[in-house]
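Spelled out, the chains give:
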Amino acid sequence: MSETSGADSPFVHYEVSDGFAVLTLDSPHNRNALSSRLVGELLSGLERAAADESARGVVLTHTGNTFCAGADLKEALDADPAAAADIRTRWMIRVLRDILELPKPVVAQVDGNVRAGGMGILAACDIAVAGPSSTFALTEARIGLAPFMISLTLLPRTTSRAAGRYYQTGETFDAAEAERIGLITVAAQDAVAEVSRLRGELRKGSPQGLAESKRLVNAALLAEFDRSAEELAKRSASYFGTSEVVEGMTAFFQRRPPSWAE
């Protein structure tokens, strides 16, 4: 059963269905942005799934029309910029690495908007299925930042031409394009049905067979992750609190173009 308790309902629900731990992001007030609470519950859910003998794998999905909107900018603005930036980069490292290292397949089931940090989470998953309502964008440059931490998973998964374009333009693209550039595995007309089919295929693999196969696939990615994470964390943190980022975030909340785009 999913864990719910009225007003205290969690931001990440955990249930086991058909042999898979299903983690559902459910923070509609901020479009599943990566707040301290959501990140903490997601990390706990991944840890629980890793130890859950009844779960052969993990499905990561969402309620509402947004899988994940990226960082919780309001929470970031309300805190000390330098301290908040450091905490958030550490969170992202943990989330991405936990998904990559989890000894079970992680399948993303998306049918909605994916932005910024949500893109890195999607890229960390072993298999990503997106439905027809899905849209994707890397909008960091528009608020004075860059996709620092999420590059740890995005760059190994996507083509360099696509990264060069979407990192800088911030354009929105659809599921068919996401499949073409390698961000997702399948652009499906029915994401739920396709994930159900894939679960059936994954259940044919033994637990150790799945775990070792995942280790082989992710070995080079994790090695580069560990080489680059600390440097990227420092670079990311150094930009929070700069005049351009303050202007970019302020403009975002005021629903106006930032000064450089006027």
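Above this note sits the structure.
Rules and cut-offs
Residues numbered from 1 in each chain as written. Predicted model: local features only at pLDDT ≥ 70, side-chain atom pairs only at ≥ 80, totals over all residues. Heavy atoms only, no water. Salt bridge = Lys/Arg side-chain N within 4 Å of Asp/Glu carboxyl O. Helix = DSSP H or I, 4+ residues; strand = E, 2+ residues; numbered from the N terminus. Buried < 20%, exposed > 50% of the residue type's maximum accessible area, 1.4 Å probe, protein only. Core = buried A, V, L, I, M, F, W, Y, C linked by side-chain atoms within 4.5 Å. Pairing = 2+ DSSP bridges. 1 Å grid on protein atoms, 1.4 Å probe; cavity = no way out; pocket = protein on both sides within 12 Å on 5 of 7 lines; lining within 4 Å. Points joined across faces, edges and corners; volume = space filled by probe spheres on them. Nonpolar A, V, L, I, M, F, W, Y, C, P; charged D, E, K, R; others polar. Contact = heavy atoms within 4.5 Å. Axes fitted to C-alpha atoms, helices over the stretch in contact; angles between N-to-C directions. Phe/Tyr/Trp six-rings, centres within 6.5 Å; stacked < 30°, edge-to-face > 60°. Lys NZ or Arg CZ within 6 Å of the ring centre and 35° of its normal.

**Overview of the pattern of salt bridges**
Proximity of charged atoms lets side chains of opposite charge pair with each other.
Part 1 of the argument: Taken as a whole and assessed by the stated rule, the structure comprises 13 salt bridges.
Part 2 of the argument: Taking the shortest distance from any N to any O, the salt bridge between E230 and R90 comes out at 3.0 Å. Taken together, the residues span a long stretch of sequence, with E230 in helix α9 (residues 207-239) and R90 in helix α3 (residues 81-101) at a distance of 140 residues.
Part 3 of the argument: With relative accessibility at 31%, the residue R90 sits in the partly exposed group.
Part 4 of the argument: Across the pair K204 and E201 runs a salt bridge, and its minimum N-O distance is 3.4 Å.

**Structural notes on the nonpolar core**
Part 1 of the argument: Residues L42, I121, L122, F136, L183 and I184 are the most contacted members of the largest nonpolar core, which totals 60 residues.
Part 2 of the argument: Formed by 12 residues, the second largest nonpolar core is a distinct cluster that contains V59, V129, L198 and L210.

**Some words on the sheet that holds strand β10 (residues 186-187)**
Within a sheet, each strand pairs with its neighbour through backbone hydrogen bonds, oriented either parallel or antiparallel.
Part 1 of the argument: Reading across the sheet, the 6 strands line up as β1-β2-β3-β5-β7-β10 and stay open at both edges, with mixed pairing between neighbours. In the strand order of this sheet, the two ends are held by β1 (12-17) and β10, each with one partner.
Part 2 of the argument: Pairing of strand β2 (residues 20-25) with strand β3 (residues 57-62), which is carried by 6 bridges, proceeds in the parallel orientation. Residue T24 lies in a different strand from β3, and its bridge partner there is T61.

**Remarks on empty space enclosed by the protein**
Part 1 of the argument: Taken as a whole, this structure holds 1 cavity of 30 Å³ or more when the rule is applied.
Part 2 of the argument: What the largest cavity holds in volume is close to 70 Å³.
Part 3 of the argument: M119, L138, L154, T158, A162, A163, Y166, Y167, F173, I181 and L183 together form the lining of the largest cavity.
Part 4 of the argument: Looking at the lining of the largest cavity, the element that brings in the most residues is helix α6 (residues 160-169), giving 4 residues.
Part 5 of the argument: The residue inventory of the lining of the largest cavity, partitioned by class, reads 10 nonpolar, 1 polar and no charged.

**Topic: the sheet that holds strand β4 (residues 66-68)**
Part 1 of the argument: If you trace the 4 strands from one edge of the open sheet to the other, you get β4-β6-β8-β9, paired in mixed fashion. A single partner strand is all that each edge strand has here, and the edge strands are β4 and β9 (173-174).
Part 2 of the argument: Pairing of β4 with strand β6 (residues 113-115) involves 2 bridges; the strand directions are parallel. Bridged to T66 within β6 is N113.
Part 3 of the argument: Set on the sheet, helix α4 (residues 117-124) makes contact with β4, β6, β8 (135-137) and β9; between it and β6 the angle comes to about 100°.

**Quick look at the pairing of β1**
Part 1 of the argument: In this structure, β1 lies alongside β2, joined through 6 bridges in antiparallel fashion. Looking at β2, one finds that S17 is bridged to F20.
Part 2 of the argument: Hairpin connection, β1 to β2: the antiparallel pair is bridged by 2 residues, and D18 has positive phi, about 50°.

**As for the packing of aromatic side chains**
Part 1 of the argument: Applying the stated rule across the entire model yields 4 aromatic pairs.
Part 2 of the argument: Plain terms: the ring middles of F148 and Y239 are 5.6 Å apart, the flat faces sit at 25° to each other, and that makes the pair stacked. With F148 in the loop between β8 and α5 (151-157) and Y239 in helix α9, the pair connects residues that are 91 residues apart, well separated along the chain.
Part 3 of the argument: Judged by relative accessible area, which is 39%, Y239 ranks as partly exposed.
Part 4 of the argument: Residues Y166 and F173 carry aromatic rings whose centres are separated by 4.3 Å and whose planes lie at 35° to one another, so their mutual orientation is tilted. Just as Y166 is buried, F173 falls in that class too.
Part 5 of the argument: Here the aromatic residues F136, Y166 and F173 are joined through ring pairs into a cluster of three or more.
Part 6 of the argument: Above the ring of F11, the side-chain terminus of R37 is found at 3.9 Å from the ring centroid.

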